[in-house]
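# Summary of the model geometry
Next come the chains, spelled out residue by residue.
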Amino acid sequence: MRVPLSWLREYVDLPATETGRDVQAKLISVGLEVETVEQLGDGLKGPLVVGKVLTIEELEGFKKPIRFCTVDVGQANGTGEPQEIVCGARNFAVGDKVVVVLPGAVLPGDFAIAARKTYGKTSHGMICSGDELGMGDDGSHGIIVLPPEHEVGTDAIELLQLVDEVLDIAVTPDRGYALSIRGVARETATAYGLPLRDPALLDVPQPNAFGYPVQVSDPMGCDRFTARTVTGLDPDARSPLWLTRRLQKAGMRPISLAVDITNYVMLELGQPLHAYDRSRVQGPIGVRRAEQGEKLTTLDGVKRTLDAEDLVITDDRGPIGLAGVMGGANTEIDDTEGTTTEVVVEAAHFDALSISRTARRHKLASEASKRFERGVDPQAASAAAQRTVDLLVLLAGGTADAGVTEVIAPSAPHTITIPADHPDKVAGVDYGRETVVRRLQQVGCDVYGQDELIVTVPSWRPDLTDPNDLAEEVIRLEGYENLPSTLPKPPAGRGLTDRQRLHRRIGRALAGAGYVEAPNYPFIGEHVFDQFGLTADDPNRKVVKLVNPLSDEEPALRTTLLPGLLGALRRNDGRGSHDLALFETGLVFHPREELKIAVRLPVDRRPTDEEIASLTEALPVQPRHAAVVLAGAREQAGWWGKGRPSDWADAVEAARVLAREAGTELVVRGGQYGPWHPGRCAELAVVVEGVEQVIGYAGELHPGVLKTLGLPARTSAMELDLDVLELASSGVPKGPKISTFPVATQDVALVVDVAVPHAGVEAALREGAGELLESIRLFDVYENAAQLGEGKKSLAYALRFRAADRTLTVDEASAARDAAVSLAAELTGAVLRG
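Residues numbered from 1 in each chain as written. Predicted model: local features only at pLDDT ≥ 70, side-chain atom pairs only at ≥ 80, totals over all residues. Heavy atoms only, no water.

## Some remarks on the overall build of the protein
Within the protein, the regular secondary structure consists of 22 helices and 42 strands. Scaling as 2.2 N^0.38, a compact globule of 834 residues should have a C-alpha radius of gyration of about 28 Å, whereas the protein reaches 43 Å, well beyond that. Once the C-alpha set of the protein is aligned to its principal axes, its extents read approximately 130 × 75 × 55 Å. Of all 834 residues assigned to the protein, the portion counted as buried reaches 47%. Long-range pairs, those at least 24 residues apart, make up 70% of the contacts in the protein between residues at least 6 apart in sequence. Surface summary for the protein: the accessible area is close to 41,500 Å², and the carbon and sulfur share equals 51%. (Helix = DSSP H or I, 4+ residues; strand = E, 2+ residues; numbered from the N terminus. Rg over C-alpha atoms; globule rule 2.2 N^0.38 Å. Buried < 20%, exposed > 50% of the residue type's maximum accessible area, 1.4 Å probe, protein only. Contact = heavy atoms within 4.5 Å. Areas by Shrake-Rupley, 256 points an atom, 1.4 Å probe, with all protein chains shown as cover.)

## So, the sheet that holds strand S39 (residues 744–753)
Strand order in the open sheet made by the four strands is S40-S41-S39-S42, with antiparallel pairing throughout. Each of the sheet's edge strands pairs with one partner strand only, and the pair in question is strand S40 (773–782) and strand S42 (831–832). In this structure, S39 lies alongside strand S41 (residues 792–801), joined through 10 bridges in antiparallel fashion. For alanine 749, the partnering residue across the bridge sits in S41 and is alanine 796. (Pairing = 2+ DSSP bridges.)

## Section: the environment of arginine 228
Looking at the element boundaries, arginine 228 is found in strand S15 (residues 222–231). Among the residues examined, arginine 228 registers a relative accessible area of 4% and is labelled buried. It is 9.3 Å that separates the C-alpha atoms of arginine 228 and serine 382, two residues lying 154 residues apart in sequence. Residues within four places of arginine 228 in sequence aside, it is in contact with Pro205, Val343, Val344, Val345, Ala385, Gln386, Val389, Asp401, Gly403 and Val404. Of note is the side chain of arginine 228, whose polar atom sits 2.7 Å from the side chain of glutamine 386. (Polar contact = N/O pair within 3.5 Å; in protein donor to acceptor, adjacent residues only side chain to side chain.)

## Regarding the sheet that holds strand S27 (residues 452–456)
Read from one edge to the other, the open sheet built from three strands follows the order S25-S27-S26, with strand pairing classed as antiparallel. Each of the sheet's edge strands pairs with one partner strand only, and the pair in question is strand S25 (415–419) and strand S26 (446–448). When strand polarity is set aside, the average angle formed by the axes of neighbouring strands in this sheet is 25 degrees. The pairing of S25 with S27 spans five bridges and is classified as antiparallel. Bridge pairing links isoleucine 416 to valine 455 in S27. (Axes fitted to C-alpha atoms, helices over the stretch in contact; angles between N-to-C directions.)

## Description of unusual backbone geometry
One non-glycine residue with positive phi stands out, namely glutamine 161, at about 50 degrees. As for its position among the elements, glutamine 161 is in the loop between helix H3 (156–159) and strand S13 (164–170). Judged by its relative accessible area of 23%, glutamine 161 is partly exposed. Not every positive phi belongs to a glycine, and lysine 363 is a case in point at roughly 50 degrees. With respect to the secondary-structure elements, lysine 363 resides in the loop between helix H7 (352–361) and helix H8 (367–372).

## Comments concerning the packing of helix H20 (residues 758–769) against helix H22 (residues 810–828)
Where H20 contacts H22, the two axes come as close as 7 Å, and the packing angle between them is 135 degrees. As judged from the angle between their axes, H20 and H22 are oblique. For the pair H20 and H22, the sense of crossing is right-handed. Each of Gly760, Val761, Ala764, Leu765, Glu767, Gly768 and Ala769 in H20 lies in contact with H22, whose residues at this interface are Ala816, Ala819, Ala820, Val821, Leu823, Ala824, Leu827 and Thr828. (Parallel < 35°, antiparallel > 145°, perpendicular 65-115°, else oblique. Left-handed = near helix turned anticlockwise from the far one by under 90°.)

## Focus on the pairing of strand S38 (residues 716–721)
Of all the six residues making up S38, six are buried; the element is thus mostly covered by neighbouring parts of the structure. Where burial is concerned, the two faces of S38 agree: the one with Ser716, Met718 and Leu720 and the one with Ala717, Glu719 and Asp721 are both buried. Pairing of strand S32 (residues 624–631) with S38 involves six bridges; the strand directions are antiparallel. By the bridge assignment for S38, alanine 627 is matched with glutamate 719.

## Comments concerning the pairing of S39
Most of S39 is tucked away, with seven of its 10 residues classed as buried. Sheet topology places S39 next to S42; two bridges connect them, and they run antiparallel. Looking at S42, one finds that leucine 750 is bridged to leucine 832.

## Section: the pattern of salt bridges
Side chains bearing opposite charge may pair, as long as their charged atoms lie close to each other. The final tally for this structure, using the stated rule, is 54 salt bridges. Arginine 67 is the partner of glutamate 58 in a salt bridge, and the nearest nitrogen-oxygen pair spans 3.2 Å. Taking the relative accessible area as the measure of exposure, arginine 67 reaches 8% and is therefore buried. If you follow the salt bridges from partner to partner, you end up with Arg175, Glu187, Arg461, Asp463, Glu472, Glu473 and Arg476 in one network. (Salt bridge = Lys/Arg side-chain N within 4 Å of Asp/Glu carboxyl O.)

## A word on the side chain of aspartate 721
With respect to the secondary-structure elements, aspartate 721 resides in strand S38. No salt bridge is formed by the buried aspartate 721; its nearest oppositely charged neighbour, arginine 499, is found at 7.5 Å. Within polar-contact distance, the side chain of aspartate 721 engages the backbone nitrogen of aspartate 723 at 2.9 Å. Setting aside anything within four residues of it in sequence, one finds aspartate 721 in contact with Pro623, Arg624, His625 and Ile695. (Lys, Arg positive; Asp, Glu negative; His and termini not counted.)

## Some remarks on helix H2 (residues 20–29)
Considered for burial, the residues of H2 that qualify are Gly20, Val23, Gln24 and Leu27. Along the axis of H2, the buried residues cluster in a sector spanning 105 degrees; they form a single face. Against helix H1 (5–8), strand S2 (33–40), S13 and helix H4 (181–192) lie the buried residues of H2. Immediately beyond the C-terminal end of H2, within one or two residues, lies glycine 31, with a positive phi of roughly 105 degrees. (Arc of directions from axis to C-beta.)

## So, the environment of threonine 486
Mapped onto the secondary structure, threonine 486 falls in the loop between helix H12 (467–478) and helix H13 (498–512). Judged by its relative accessible area of 62%, threonine 486 falls in the exposed class. When the C-alpha positions of threonine 486 and valine 547 are compared, they lie 42 Å apart, and in sequence the two are 61 residues distant.

Here it is, written out as structure tokens:
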């Protein structure tokens, strides 16, 4: 909303020294978003006067038409002689009054005017257009031709109101009243503590039976309709300069007198109006919902197909306007023909939601719809119609018809009950009852009561609906800057939970192992399960689907983290990053066996434990998983060595890292599942309360999956259930006790069948070695049929023994080693090599 300061001063007696910047600061302090203050005529310097064109000589021989004019500027040039001016415009003639800038003047943009020779003549000044004077769009795109009544030599700067300040206000959706000079003037008067001259306080005649007939068949969509008629209009009457300048400053283009007046009153009072050419309206004016498929050509010349929810204005022929949005072309006041002598003025109040939907449905935002959808004062309709009639009588020589039509749907004023100290509690400031009542009355409310106030909301504030809205009004008028800055005092907490500590340790451990965290959206498409090769009865295929997904291609919540991580790996690989190690921890979602409807929680109190439990039971099961994906080099090559590519063992090691952080033993054995290579897949399990549970898988992905998903060759992945891992956890890991005694190392090489997994051999060695074993490490795998026999392999382990209270002897270390080898031979068939 653009608000000229000169217009604002008509309704509020601002101090003469107050500038637009001062008013901007005041309005911002009471909550209006004044974005800029435009300085109109900044740098403009006269002489700039009214002139009369005396002669026009057409100059020949140039690429474009050029005219040499003599203009009477009175005594403005100091001599009284006609001023010689060269001009290229052609929209004026001899005898027209124009705006002339003389040498020595400066136009906006620091454009200095001087006499200069051009086209073989000397031009002493310029005949000005609106653009050159910074007047905005007047629709003519040429020289300003003034009405003939203006005297030659009159100062055009004052006549055209070229110097002014315009406040540009960003009006939020809840403050529709600020889309009018009246609304902004009310806020200005409140901010300065000055009285307001309300332009809507007019003497309005009572409705009678002689007005133009109106039939409202949808009182919910239109609860008020005022119609007034003006006859005897001068079809040649034009909008006066003061009216067109105010429209231009407010950002609107002058069109014709009747239309300009309705736009002017809309800007002044905030009530959209429409003027119909009475001779083109057939029968009573009606308001109803459109019939599906009805046609209407609007004022912009577009033929529109109407929806059954659209509210329309009709006559006997059908729709003649889209209510609250735009009028129809068949009842337009045609200024070009100059035949309109009688108009019917409409001032109505329409349902905000209906107008908003219609405007968006037809992609037809207008000044009227912008106001109606934000809320218009229904009580201002009669005053706006009267103001329009008064201006038509004054400026167009019309006669106001005695008939007054008003169709009003009964409605009661909105009242709110609020404790007098409610704003104090909201703001944390002791305002007191007197201040609260005074501020609410300044807004326009009627306030009654003592400790409990009964507040009647003014008709122009439909946004005030509950006690908190009223509290906001008190707080903003008292000044947000006056609210004390206080820090909250939360109660002492108990720190992070064990679950939170585990998740943070896992994230730090994976980052320390060289993985980069890559969070993803929790949405998937069910086609990914086919790409992963999951069986038809796989539990991961049971998904929770969203009613309003962000993408139709991913309508379900994920049951595994791998699709998002593999998608991130694919994108990074496609952009040139080929050595990748990514991880993610996050929730996955599984539907419950029994679907329940979530209860609606109360807002006036804290939900009970039972209500929260009931809500939780209606939610999907949401375990937290951890997953990693790897591709490319795991160790880079350089002067330090050859490096190596990532493989399935790195994915398994990532799972071991998580198990170590949880302080639990991870069971790793050969497995087969979904997207993993059947010969390079490890099944991961832990023991929870004596029962072994599978928590995930790790290894190299199947070549078919890699091809389908467009992933690099030999990509590996791991995913496990962190919640079950936490159940198997021994709590926060404790630091190891460091022995001061030396370690004893014993190496063993065991020959086993190729099918025997390393994990089984290691578990047997660990169990047989007993408590003296500090660590065990597989350092070599060897296969040679000639030396070991067909179907055999050699596994070499380094066993470290240490005692906490003494130095081990060679016999003690050897005995522990022999016990380990003996148990491995018994459980796995291992034979000591050599």
